[in-house]
Amino acid sequence: NVTTMMKTGSNYRPAHHSSQAHAALDYEISTLLKNDIHVIIVGLPHHPTALTYVEEGRWDGFNETMSKYSQWPGVTVFDQSWESGWEDEHFFDRNHLDDEGRAEFCARLAPVLEQILED
């Protein structure tokens, strides 16, 4: 949908931190935290060649949102979007991890979950 919206000529750019979606996410996360439920926000990895097509600044809103929530006590951000080591062999196609990719993702996430459970 974003690709389609960008082609409409309306200069489609989702709002940064001020949309109803952000307000709803703030509410959801705050409610979980008030009930002593730790929150993990996951940013999935992207195929390395897919990232070469992203325009400068296109992901600023995403990065700002992840940064904002990473500052909230009780929230852990596990963002693999920009992490190195994700190779073609980890992906079924440009959008989906394959068996090897899922195993790698779990190997990276498990220590984070262990640390949260220990704390």
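See above for the structure.
The rules behind the values
Residues numbered from 1 in each chain as written. Predicted model: local features only at pLDDT ≥ 70, side-chain atom pairs only at ≥ 80, totals over all residues. Heavy atoms only, no water. Patch = residues over 30% accessible without salt bridge, like charges linked within 9 Å, V, L, I, M, F, W, Y side chains within 5 Å. Areas by Shrake-Rupley, 256 points an atom, 1.4 Å probe, with all protein chains shown as cover. Salt bridge = Lys/Arg side-chain N within 4 Å of Asp/Glu carboxyl O. Helix = DSSP H or I, 4+ residues; strand = E, 2+ residues; numbered from the N terminus. Axes fitted to C-alpha atoms, helices over the stretch in contact; angles between N-to-C directions. Parallel < 35°, antiparallel > 145°, perpendicular 65-115°, else oblique. Left-handed = near helix turned anticlockwise from the far one by under 90°. Contact = heavy atoms within 4.5 Å. Nonpolar A, V, L, I, M, F, W, Y, C, P; charged D, E, K, R; others polar. Buried < 20%, exposed > 50% of the residue type's maximum accessible area, 1.4 Å probe, protein only.

Thoughts on a nonpolar patch on the surface
Part 1: Taken together, the side chains of I40, V42, L44 and L113 present a nonpolar region at the surface, about 300 Å² in accessible area.
Part 2: Residue placement: L44 occurs in the loop between β1 (39–43) and α3 (48–51).

What to know about the packing of helix α2 (residues 20–34) against helix α4 (residues 60–70)
Part 1: Close contact between α2 and α4 brings their axes to 13 Å; oriented N to C, the two are set at 25 degrees. Comparing the axis directions of α2 and α4 gives the class roughly parallel. Regarding α2 and α4, the two cross each other, and that crossing is right-handed. Residues H22, L25, D26 and I29 of α2 lie in contact with α4, whose contacting residues are T65, K68 and Y69.
Part 2: The residue makeup of the contact of α2 with α4, split by class, is three nonpolar, two polar and two charged.

Points about the pattern of salt bridges
Part 1: If you walk through the whole model with that rule in mind, you get four salt bridges.
Part 2: A salt bridge links D99 to R102; the shortest N-O distance between them is 2.2 Å. You can see D99 and its partner R102 sitting in helix α5 (residues 99–118), three residues apart, about one turn around the helix.
Part 3: Looking at D99, the relative accessible area reads 58%, which means it is exposed.
Part 4: Judged by relative accessible area, R102 falls into the partly exposed class, the value being 42%.
Part 5: With its nearest N and O atoms 2.7 Å apart, the salt bridge here joins E104 to R108. Taken together, the positions of E104 and R108, both in helix α5 and four residues apart, correspond to about one turn of that helix.
Part 6: Assessed through its relative accessible area of 26%, E104 is described here as partly exposed.

Some points on unusual backbone geometry
Part 1: The phi dihedral of D36 is positive, around 55 degrees, even though this residue is not glycine.
Part 2: By relative accessible area, D36 is classed as exposed at 75%.

Structural measurements only, silent on function.
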